[in-house]
Amino acid sequence: IGSKPLSGQRVLVTAGGTVERIDPVRYITNDSSGKMGFAIAEVARDRGAEVTLVCGRTEAAPPNGVNVVHTDSALRMRDEVMRRLDGTDIVIKAAAVADYRPASRADQKIKKSSDSLTLELVRNPDILQEVGEWREARGSGPFIVGFAAETADVEKHALDKLARKKCDLIVANNVSEAGAGFGTETNIVSVYGRGDFFEHLPQMTKRAVAERLLDIVKDARKGLANR
Ligand code: C5P
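Residues numbered from 1 in each chain as written. Predicted model: local features only at pLDDT ≥ 70, side-chain atom pairs only at ≥ 80, totals over all residues.

Caption draft 1: Fine view of the site of the ligand. Looking at the ligand, there are 14 residues lining it, with Lys93, Val97, Ile127, Leu128 and Gly146 nearest. Counting residues per element, the ones that place at least two in the shell around the ligand are α3 (127-138) and β9 (143-150). It is β9 that provides the largest number of residues to the shell around the ligand, a total of four residues. Residues that form the shell around the ligand fall into these classes: eight nonpolar, two polar and four charged. (Near = placed C-beta within 6 Å. Helix = DSSP H or I, 4+ residues; strand = E, 2+ residues; numbered from the N terminus. Nonpolar A, V, L, I, M, F, W, Y, C, P; charged D, E, K, R; others polar.)

Caption draft 2: Highlighting the sheet that holds strand β10 (residues 169-174). A sheet is described by the order of its strands in space; here eight strands give the open sequence β5-β4-β1-β6-β9-β10-β11-β12, paired in mixed fashion. A single partner strand is all that each edge strand has here, and the edge strands are β5 (67-70) and β12 (197-205). Direction aside, the axes of adjacent strands within the sheet are offset by 15 degrees on average. Alignment of β9 against β10, held across six bridges, turns out to be parallel. (Pairing = 2+ DSSP bridges. Axes fitted to C-alpha atoms, helices over the stretch in contact; angles between N-to-C directions.)

Caption draft 3: Inspection of the nonpolar core at higher detail. Membership of the largest hydrophobic core comes to 55 residues, with the highest contact counts inside it found for Val11, Val13, Ile40, Ala44, Ile170 and Val171. Examining the composition of this core, we find that seven residues originate from one element, helix α1 (residues 35-46), more than from any other. In this structure, Val11 is in contact with Leu6, Ala44, Ala49, Val51, Asp89, Ile90 and Ile92, ignoring residues within four places of it in sequence. (Core = buried A, V, L, I, M, F, W, Y, C linked by C-beta atoms within 7 Å. Buried ≥ 20, exposed ≤ 12 C-beta atoms within 10 Å, placed from the backbone. Contact = placed C-beta atoms within 7 Å.)

Caption draft 4: A look at the UniProt feature "binding site: CTP" (unreviewed entry) in the chain. In this structure's numbering, the residues bearing the UniProt feature "binding site: CTP" (unreviewed entry) are Asp99, Lys109, Pro125, Asp126, Ile127, Leu128, Phe147, Lys161 and Lys165. These annotated residues cover 67 residues of sequence, and their C-alpha atoms reach 37.6 Å apart at the extreme, placing them across more than a single site. Along the chain, Phe147 turns up in strand β9. Using a count of 25 C-beta atoms within 10 Å as the deciding quantity, one classes Phe147 as buried. Excluding residues within four positions of it along the chain, Phe147 makes contact with Lys93, Ala94 and Val171. The topology assignment puts Lys161 in helix α4 (residues 154-164). Residue class for Lys161 comes out buried when judged on the 21 C-beta atoms lying within 10 Å of it. Ignoring anything within four residues of it in the chain, the contact list for Lys161 reads Gly146, Ala148 and Ile170. (UniProt positions renumbered as here; feature names shortened; annotations may be inferred.)

Caption draft 5: Just the pairing of strand β11 (residues 186-193), in detail. Among the eight residues that make up β11, six are buried, leaving the element largely enclosed by the rest of the structure. When β10 meets β11, the two strands line up antiparallel, connected through five bridges. What sits directly across from Ile170, in β11, is Tyr192. By the bridge criterion, seven bridges tie β11 to β12 in an arrangement that is antiparallel. Residue pairing across strands places Val189 opposite Leu201, the latter belonging to β12. Hairpin connection between β11 and β12: a loop of three residues separates the two successive antiparallel strands, and Gly195 in this loop has a positive phi of roughly 65 degrees.

Dropping the structure here:
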């Protein structure tokens, strides 16, 4: 199909940071800008895919020509992702999902009183892992790509996530490197896959990373089909 190799394919991309409410005016979030996920959504769209972009808090507006679903917390993002899995061909989880959320959300703005305040946090579900488990239980499902933002031991953590989260590719970036990670226009990533697949991408625009990543996904899916 020439320049539209993803036509007829459904691609779900998550992007941005989650927002975990403390009270009506305060929340916990992170530095994710959404740019990496947006670039992937754009390239998938340009290659003919029907793209759904599940967004948390992002810096810029999402690209045109994709179905945008706005979410805030990890719990909401999980619901929006899980209910769309059936019929999805590729899932790419570029969102920075909070690992913890406040144990309770105050209905009214929390007033200052004592000198210290303890905020209790509880674990959020790991959406990527749930997607992997959903596919495993069902015996079929989308090709799954996760992202991993690390500050040390990138390879070790990436390989661990690949196995534990039951995904097909992990795109790891060292967010402490200049020109990589949150907010920047460029990224420096390493892609890890099944069967010892490894490819390092030197510093390039997020658009170029997205293009190469979707090429890798294409090859890996072909490999799966041929087995
Ligand atoms: O936070 P962590 O490094 O484990 O994130 C790796 C991958 O897992 C990312 O693709 C991220 O979107 C996903 N993730 C998730 N749910 C979480 C934490 C991370 O889907 N609660």
